[in-house]
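Understanding the architecture of this molecule
Below are the chains, spelled out letter by letter.
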Amino acid sequence: MTSPILITKQDDIVTITLNRPDKKNAMSFEMMHALIEIAKDIRKDKTVRAVIITGGADFCSGLDLSVFGAPRRMAWAMTQLIKPAPSLFQEVCLIWQSLPVPVIAVIDGVCLGAGLQLALGADIRISTSRAKFAILEAKWGLVADMGLTHTAKLMRADHLKELAMTARVIGAAEAGDYKLITHIDDEPMAKAQSIAKEIAARSPDAVYAAKALINGMTPKSHRKLYQEKLWQIKLILGANRNLAIKKAKDDGVEFLKRQFK
């Protein structure tokens, strides 16, 4: 079975490559578990000075919805939403913030839904000019619940609301205006490697301190993370969720009146 993640290490820089190109790197449970385990290993490895996450031609098209087809897997996913601790879906995006080294996302092609939330978990995002971005969950009658309340802190609230409510796909220039990405460069890997090497030339303790202090400006709130999950449960169980799925194929489908106050 092909590994959903490829890892290479050159000198003191680790490159993580999402490896489901036939699915545009859609996230499976196996990919999420692998990413979390890799992050935990990196956190313990003091020889690592920087991490680059990439997907090749496409960064990530979002969650692989086919994995929810089996009732047992859907039931397991619901337990993730119910438990008080952060879910697997939140941890895979937030764990990069806990690493004592910088994490740089290199983005090309599509960066949608879960893929965008993963990229936002990085410290720096470098995109090609042709990349496409979206908080896509509203298209399926859902809400972004993979730590977006924490990772989208650089965005203005009105921009974030607009993208989260419309599910509109935007280009790199607009994503830059909305502060979703740090740099636009048509050689994003070269740019990422250059930044990683520049950071690696500094004291690793000073780099860690800078990341920890800046992250601490907006500390993690388990209450906010639980609210993400609570709203997702409500939406999944609501009637308009099924209608949203139908509307994605037939624009003539009409939604019911709002069910929640």
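Shown above is the structure to which this text applies.
Residues numbered from 1 in each chain as written. Predicted model: local features only at pLDDT ≥ 70, side-chain atom pairs only at ≥ 80, totals over all residues. Heavy atoms only, no water.

1. Focus on the overall build of the protein chain
Helices and strands together make up the secondary structure of the protein chain, namely 11 helices and nine strands. Relative to the 2.2 N^0.38 estimate, which gives 18 Å for 261 residues, the radius of gyration of the protein chain is 18 Å and therefore close to what a compact globule would have. Here the C-alpha coordinates of the protein chain stretch approximately 55 × 40 × 35 Å along the principal axes. Out of the 261 residues in the protein chain, the part that is buried amounts to 47%. Sequence separation of at least 24 residues holds for 72% of the intrachain contacts in the protein chain that already meet a minimum separation of 6. (Helix = DSSP H or I, 4+ residues; strand = E, 2+ residues; numbered from the N terminus. Rg over C-alpha atoms; globule rule 2.2 N^0.38 Å. Buried < 20%, exposed > 50% of the residue type's maximum accessible area, 1.4 Å probe, protein only. Contact = heavy atoms within 4.5 Å.)

2. Thoughts on the sheet that holds strand β3 (residues 50-54)
The mixed open sheet is built from six strands, whose spatial order is β1-β2-β3-β4-β6-β9. The strands lining the two open edges of the sheet, one partner per strand, are β1 (5-10) and β9 (183-184). Where strand β2 (residues 13-18) meets β3, five bridges bridge the pair, whose relative direction is parallel. Note that in β3 the partner of Ile13 across the bridge is Ala50. Strand contacts of helix α1 (residues 29-44): β1, β2 and β3, with the helix running at about 175° to β2, the strand carrying the most contacts. Most of the contacts of helix α8 (residues 188-200) go to strand β4 (residues 103-107), to which it runs at about 170°, and overall it touches β2, β3, β4, β6 (124-127) and β9. (Pairing = 2+ DSSP bridges. Axes fitted to C-alpha atoms, helices over the stretch in contact; angles between N-to-C directions.)

3. A few points about the layout of surface pockets
Using a probe with the size of a water molecule, rolled over the atoms, empty space left in the structure can be pinpointed. Considering only enclosed or pocket space, the largest pocket measures out at about 1100 Å³ in volume. Lining the largest pocket are 33 residues, and of these Leu142, Val143, Ala164, Met165 and Leu235 lie nearest its centre. When contributions to the lining of the largest pocket are tallied by element, the ones reaching two or more residues are α5 (148-151), α6 (157-166), α10 (222-237) and α11 (239-247). If one sorts the elements of the lining of the largest pocket by residue count, α10 sits on top with six residues. Considering only residue class, the lining of the largest pocket consists of 17 nonpolar, six polar and 10 charged. For the second largest pocket, the calculated volume is near 650 Å³. In terms of lining, the second largest pocket is formed by 24 residues, of which the most central are Leu63, Leu65, Phe68, Trp140 and Leu142. Within the residue set of the lining of the second largest pocket, elements represented by two or more residues are α2 (71-82), α10 and α11. Class assignment for the residues of the lining of the second largest pocket results in 16 nonpolar, five polar and three charged. (1 Å grid on protein atoms, 1.4 Å probe; cavity = no way out; pocket = protein on both sides within 12 Å on 5 of 7 lines; lining within 4 Å. Points joined across faces, edges and corners; volume = space filled by probe spheres on them. Nonpolar A, V, L, I, M, F, W, Y, C, P; charged D, E, K, R; others polar.)

4. A closer look at the pairing of β1
Note on strand geometry: in a regular strand, side chains alternate between the two faces of the sheet. In this sheet, β2 lies alongside β1 in antiparallel orientation, the contact comprising six bridges. Bridging from a neighbouring strand, Thr8 pairs with Thr15 of β2. The hairpin turn running from β1 into β2, its antiparallel successor, is two residues long, and Asp11 in that turn takes a positive phi close to 55°.

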